[in-house]
Amino acid sequence: MKRVFLETYGCQMNVADSELMAGVLQRAGLELVDRAEDADAVILNTCAIRENAEQRVLGRLGDYAHLKLANPALIVGVAGCMAQHLRAKLLDRKRVLDLVVGPDGYRFLPELLRRAAGEPVAEVRLDRDETYGDLEPKRGPGVRAWVTVQRGCDKFCTYCVVPFTRGRERSLPLADLVRQIEHAAAEGFREVVLLGQTVNSWREGTDDFADLLRAVGTVDGVRRIRFTSPYPTDFTPRVIEAMATTAAVCEHVHLPLQSGSNAVLKRMRRRYTRERYLEVVGELRQAIPDITLSTDIIVGLPGETEQQFQETLGMVTEAGFDDAYTFKYSVREGTPAERIVDHVPEEVASERLQRLIEMARLQTRQRNASRVGQVHEVLVERPAKRGHLMLARTRQNFLVLVDVPRDCVGEYRRVRLTGTTGSTFTGALEHPALVVI
Ligand code: 5AD
Ligand code: SF4
């Protein structure tokens, strides 16, 4: 057992967890490979947030079942939220699966893989204290370092499986985080994205998220800090002040709304009203006038009426979102919302989702069109999928196609936005284009 292939599904937290696993495996002398065909073990790092995420993984396990027919010694493992969510049920599929490991078991991965070569193994205990703060992840390529600052979630929104799959909220120690970020900056990463389920509730003793932002802001070489996802009411005045006064903190916030109806928010057990949410938006805009906002919205929670859905639609314009990620409610086993019986018919939920998507897209397009002509500093990230242009990002999180050489990855340029497709921009270098840092 020497070569491991890690495949990641789901959110950025999972990407970061895969980097953590990669670090653990490499330190144990195992080799990471790029293709399942070359591996002695494959580990799927999975997501359980909605049913379709789980379906995708089950489909992939079917592919591995085939691979295993050709190579019976292949170890197939499932890690992450779906492993924790389905636990023993997954091991029942033991013709295919050898290992099930939840989000708090990654420290033991080399040992678990060794044991899984002999018999099916499950490690799905949640550990209130495990933060992996002491373990250095092996970060993937790119200009951006994902840094987990908090694990788990204590909010228990009624629709959400995360508190059950990732366990109780815990923060990584500030000293570990600063060390990790200094290391990432020294390796050449330009942008740091702080990750947590409710990232702005991070704390350690008397230090809160404001102190964390300030500390990260002092690390040499880190010119851009982002974080995701904050919880609306954890934006205290202190945190907003730290955002406004820490130069590296980018002018963009992803602020999950979930619903614009107070009745639905209550049923979701979100701890704010639409009025309070708008107040937070107002406070953010007051402190950081050019801040852009993206959000998450769920439609079709059991009991959602047409009127309540309309209130959500209304919030798109009222809050002035620049971008929205929209989801149809998916019932998750074991969550409180599973017991709300008043289900919204599938076709009604689909139709609402469609209306919401159209409205949000239209607004994104209009807001982006109004930005053409502006000059922004961009960080060059990678080649675009097609053509010779490079993909760069503004501090406000707009993607811009620019004509710069490939070796400009990781550099900053000044560009004028020359056009937009609605979602992304084209840009032309402005003189002087080079940003000297
Ligand atoms: N159904 C649909 N969407 C969900 N989300 C979380 N749980 C569910 C669910 N059961 C969405 C929320 C969250 C995003 C990551 O996924 O909007 O912010
Ligand atoms: Fe899930 Fe709510 Fe926690 Fe976000 S805050 S991870 S939606 S329980």
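A short tour of the structure in this document, coming up. None of the values given here were measured: they were computed from a predicted structure. (Residues numbered from 1 in each chain as written. Chains lettered and ligands numbered in written order. Predicted model: local features only at pLDDT ≥ 70, side-chain atom pairs only at ≥ 80, totals over all residues. Heavy atoms only, no water.)

Taken together, Ile-49, Arg-50, Tyr-159, Gln-258, Asp-296, Ile-298, Phe-327, Lys-328, Tyr-329, Ser-330 and Arg-332 form the complete shell of residues around ligand 1. In this structure, Ser-330 approaches ligand 1 through a main-chain N or O atom, which is 2.8 Å from a nitrogen atom. For ligand 1, whose free accessible area comes to 410 Å², the fraction covered by protein is 86%. Contributions of two or more residues to the shell around ligand 1 are made by strand 15 (292-299) and strand 16 (323-328). Taken together, the residues that form the shell around ligand 1 break down as 5 nonpolar, 2 polar and 4 charged. (Near = heavy atom within 4 Å. Polar contact = N/O pair within 3.5 Å; in protein donor to acceptor, adjacent residues only side chain to side chain. Areas by Shrake-Rupley, 256 points an atom, 1.4 Å probe, with all protein chains shown as cover. Helix = DSSP H or I, 4+ residues; strand = E, 2+ residues; numbered from the N terminus. Nonpolar A, V, L, I, M, F, W, Y, C, P; charged D, E, K, R; others polar.)

Considering all chains together, one arrives at 8 aromatic pairs under this definition. Measuring from ring centre to ring centre gives 5.1 Å for Phe-209 and Phe-227, while their planes differ by 80°; the resulting arrangement is edge-to-face. Within this pair, whereas Phe-209 is found in helix 7 (residues 209-217), its partner Phe-227 is found in strand 13 (residues 224-228), the two being separated by 18 residues in sequence. With respect to class, Phe-209 is no different from Phe-227; both count as buried. For the pair Tyr-277 and Phe-321, a centre-to-centre distance of 6.2 Å together with 70° between the ring planes defines the contact as edge-to-face. On the criterion of sequence distance, the pair formed by Tyr-277 in helix 10 (residues 274-287) and Phe-321 in the loop between helix 11 (306-319) and strand 16 is long-range, its members being 44 residues apart. In this structure, Lys-155 packs its charged tip against the face of Tyr-231, placed 4.7 Å from the ring centre. Geometry around Tyr-412 places Arg-223 over its ring, the cationic atom sitting 5.0 Å from the centre. (Phe/Tyr/Trp six-rings, centres within 6.5 Å; stacked < 30°, edge-to-face > 60°. Buried < 20%, exposed > 50% of the residue type's maximum accessible area, 1.4 Å probe, protein only. Lys NZ or Arg CZ within 6 Å of the ring centre and 35° of its normal.)

With that settled, the discussion passes to the pattern of salt bridges. Taken as a whole and judged by the stated rule, the model has 38 salt bridges. Arg-413 is paired through a salt bridge with Glu-411; the nearest N and O atoms lie 2.8 Å apart. The exposure class assigned to Arg-413 is buried, which follows from its relative accessible area of 10%. A single salt-bridge network, built from bridges that share partners, covers Arg-144, Glu-191, Arg-224, Arg-226, Glu-381 and Arg-393. (Salt bridge = Lys/Arg side-chain N within 4 Å of Asp/Glu carboxyl O.)

Another point: the packing of helix 1 (residues 12-27) against helix 4 (residues 109-116). Two quantities define a packed helix pair, namely the angle between the helix axes and the distance between the axes. At a minimum axis distance of 9 Å, the contact between helix 1 and helix 4 shows a crossing angle of 75°. When the axis of helix 1 is compared with that of helix 4, the two are roughly perpendicular. Contacts from Met-21, Val-24 and Leu-25 in helix 1 reach Leu-109, Pro-110 and Leu-113 in helix 4. Classifying every residue of the contact of helix 1 with helix 4 gives 6 nonpolar, no polar and no charged. (Axes fitted to C-alpha atoms, helices over the stretch in contact; angles between N-to-C directions. Parallel < 35°, antiparallel > 145°, perpendicular 65-115°, else oblique. Contact = heavy atoms within 4.5 Å.)

Looking now at the sheet that holds strand 15. If you walk across this open sheet you meet the 3 strands as 14-15-16, and the pairing is parallel. The open sheet has two edge strands, strand 14 (252-254) and strand 16, and neither has a second partner. Averaged over all adjacent pairs, the angle separating strand axes in this sheet is 10°, with direction ignored. As judged from the 6 bridges shared by strand 15 and strand 16, these two strands associate in the parallel manner. Residue Ile-298 lies in a different strand from strand 16, and its bridge partner there is Phe-327. In the packing of helix 12 (residues 346-369) onto the sheet, the strands contacted are strand 15 and strand 16, and the crossing angle to strand 16 comes to about 175°. (Pairing = 2+ DSSP bridges.)

With that settled, the discussion passes to the packing of helix 10 against helix 11. The geometry of helix 10 relative to helix 11 is characterised by a closest axis approach of 11 Å and an angle of 15° between their N-to-C directions. Classified by the angle their axes make, helix 10 and helix 11 are roughly parallel. For the element pair helix 10 and helix 11, the recorded crossing hand is right-handed. Here helix 10 contributes Arg-274, Tyr-277, Leu-278, Val-281 and Arg-285 to the contact with helix 11, which in turn contributes Glu-311, Met-315, Glu-318 and Ala-319. (Left-handed = near helix turned anticlockwise from the far one by under 90°.)

Let us look at the sheet that holds strand 18 (residues 390-394). The strand order around the closed barrel built from 5 strands is 17-18-19-21-20, with neighbouring strands paired in mixed fashion. Taken over all neighbouring pairs, the strand axes of this sheet differ in orientation by 55° on average, direction set aside.

Let's shift gears to unusual backbone geometry. Glycine aside, negative phi is the norm for most residues, and most peptide bonds take the trans geometry. Residues Thr-228 and Ser-229 are joined by a peptide bond in cis, for which omega reads -10°. Turning to its location among the elements, Ser-229 is positioned in the loop between strand 13 and helix 8 (237-245).

Turning our eyes to something else, we now look at the side chain of Arg-144. Along the chain, Arg-144 turns up in strand 7 (residues 144-148). Here the side chain of Arg-144 touches Glu-191 through a polar contact of 2.9 Å, side chain to side chain. In contact with Arg-144, not counting residues within four places along its chain, are Phe-189, Glu-191, Val-193, Glu-381 and Arg-393.

Counting residues in each nonpolar core, the largest one holds 56 residues, and the members touching the most others are Leu-194, Phe-227, Phe-235 and Met-243. Core analysis: the next-biggest nonpolar cluster, separate from the first, contains 24 residues, Leu-61, Val-96, Val-100 and Val-161 among them. (Core = buried A, V, L, I, M, F, W, Y, C linked by side-chain atoms within 4.5 Å.)

This part is about the environment of Arg-166. One can find Arg-166 in the loop between helix 5 (162-165) and strand 9 (170-171). Under the relative-accessibility criterion, Arg-166 is labelled buried at 3%. Look past the residues within four positions of Arg-166 in its chain and what remains in contact with it is Met-13, Asn-14, Asp-17, Cys-81, Pro-103, Leu-126, Arg-151, Gly-152 and Gln-197. In this structure the side chain of Arg-166 is engaged in a polar contact, spanning 3.1 Å, whose partner is the side chain of Asp-17.

Distances and angles like these do not, on their own, reveal function.
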